[in-house]
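Coordinate analysis (summary)
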Amino acid sequence: MYTPGIFQLVSFLIGLLFGSFLNVCISRLPRHESVVTPRSRCPECGKPIRWYDNFPILSWILLRGRCRDCKTSITWRYPVVELSVGIWFWITTSTFLSNFSRIHDFGGRLSIEDAPRVIAALLIAILGFLLIGLMVMDWQTMILPNAFTIGGIVVALFLVCIQAIFLAPGEDEVHLTKHSLHLTSPGGVTDHGNLFLTGPESLIFGRIAAICGAALLLLVIRWLYKALRHREGMGLGDVKLIAMIAAFLGFWPAILSLFVGTFVAAGYGALLLARGKAGVTSKLAFGSFLCAGGLVAALYGNRLIDMYIAFLR
Ligand SMILES: [Zn+2]
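Right, let's walk through the structure included here. (Residues numbered from 1 in each chain as written. Predicted model: local features only at pLDDT ≥ 70, side-chain atom pairs only at ≥ 80, totals over all residues. Heavy atoms only, no water.)

Bringing the side chain of glutamate 82 into the picture now. Within the secondary structure layout, glutamate 82 lies in helix 3 (residues 77-103). At 8.5 Å, arginine 77 is the nearest oppositely charged side chain to glutamate 82, a buried residue that forms no salt bridge. When near neighbours in sequence (up to four residues on either side) are disregarded, glutamate 82 contacts Gly15, Leu16, Gly19, Ser20, Asn23, Pro56 and Ile57. (Helix = DSSP H or I, 4+ residues; strand = E, 2+ residues; numbered from the N terminus. Buried < 20%, exposed > 50% of the residue type's maximum accessible area, 1.4 Å probe, protein only. Lys, Arg positive; Asp, Glu negative; His and termini not counted. Salt bridge = Lys/Arg side-chain N within 4 Å of Asp/Glu carboxyl O. Contact = heavy atoms within 4.5 Å.)

Shown next, in the form of structure tokens:
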């Protein structure tokens, strides 16, 4: 029996656990420490955290945000990160289920034809996990660890390859016709012309091209900024970050992330300037804004890009 809402609730709880692990990554990765050993300790008194004090959110509330041993306050970052990943997993599952019911009735059971949709949902869930972590790490330390950016690209490419295995016959094929390149969808009956790329080829090569294209674009922007302003505008971490977003979502959503991120960063910068809290040369954690843009693109990317194309017509 399938009860509506149970999958969302379960993914929320799983999200809380992943959020708890993400907190460990956020504290340790920028310092090049292992995320596996040793066990979590209080940064102040060094006492290991007891298992019953390690429940996401709940423990923080019960302890009133303080260490049980030395009473040093524990930053609110911990429950917020846990809650964010929980909510992200909840949203991903809800979107997956609502897309799903449009295709066939979901009785709580999956079949092999659903594999591409499951992988697509998995990609969004993992991307959110990585972006929330990178957002906090860049904000606090100005470091975007390779374990998350390069690691994310590897994970995304691996999943896209698996997605390619499950493509329907003819899906995503690229054909050379007299007039133009032509993308097919399953069940298309028009004359296709010569086969140029098979579905799996176009999916995998397309994603690799998206990664290279997005990285190259940011490298050019970085170089232009350096040439014009004679100082470093963004780090290589930002370049790897945009490449990672492209690996998960494709080229145009990555550009959308860049657009949204730049827009929000500019607004935030203007606010700081107006309040006299920053000068024109102050450093901004641009990666954090890119991450925020990436989260927006992951949730609304396709809808916003469709709206934009419709607007151009
Ligand atoms: Zn302590």
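Here we take up the layout of surface pockets. Remark: the empty space left among the atoms is shown by a probe the size of a water molecule rolled over them. What the largest pocket holds in volume is close to 1600 Å³. Ala120, Gln163, Arg207, Leu249 and Asn302 are the residues nearest the centre of the largest pocket, which is lined by 36 residues in total. Looking at the lining of the largest pocket, the elements that each hand over two or more residues are helix 3, helix 4 (115-141), helix 6 (199-229), helix 7 (236-249), helix 8 (251-274) and helix 9 (286-312). With 8 residues, helix 9 is the single largest residue contributor to the lining of the largest pocket. Partitioned by chemical class, the residues of the lining of the largest pocket number 21 nonpolar, 9 polar and 6 charged. Approximately 1100 Å³ is the volume attributed to the second largest pocket. (1 Å grid on protein atoms, 1.4 Å probe; cavity = no way out; pocket = protein on both sides within 12 Å on 5 of 7 lines; lining within 4 Å. Points joined across faces, edges and corners; volume = space filled by probe spheres on them. Nonpolar A, V, L, I, M, F, W, Y, C, P; charged D, E, K, R; others polar.)

The N-to-C vectors of helix 7 and helix 9 enclose an angle of 10°; their axes lie 10 Å apart at closest approach. Judged by the inter-axis angle, helix 7 sits roughly parallel to helix 9. In contact with Asp238, Leu241, Ile242, Ile245 and Leu249 of helix 7, helix 9 contributes Phe286, Gly287, Leu290, Cys291, Gly294, Ala297 and Ala298. By residue class, the composition of the contact of helix 7 with helix 9 is 9 nonpolar, 2 polar and 1 charged. (Axes fitted to C-alpha atoms, helices over the stretch in contact; angles between N-to-C directions. Parallel < 35°, antiparallel > 145°, perpendicular 65-115°, else oblique.)

This structure, assessed with the given rule, holds 3 salt bridges. Between aspartate 69 and arginine 50 there is a salt bridge; the shortest N-O distance is 3.1 Å. Here arginine 50 lies in the loop between helix 1 (6-28) and helix 2 (58-62) and aspartate 69 lies in the loop between helix 2 and helix 3, a separation of 19 residues in the sequence. Note that aspartate 53 is salt-bridged to arginine 68, the shortest N-O span being 2.7 Å. With aspartate 53 in the loop between helix 1 and helix 2 and arginine 68 in the loop between helix 2 and helix 3, the pair connects residues that are 15 residues apart, well separated along the chain. Look at aspartate 53 and you get buried, because its relative accessible area is 11%.

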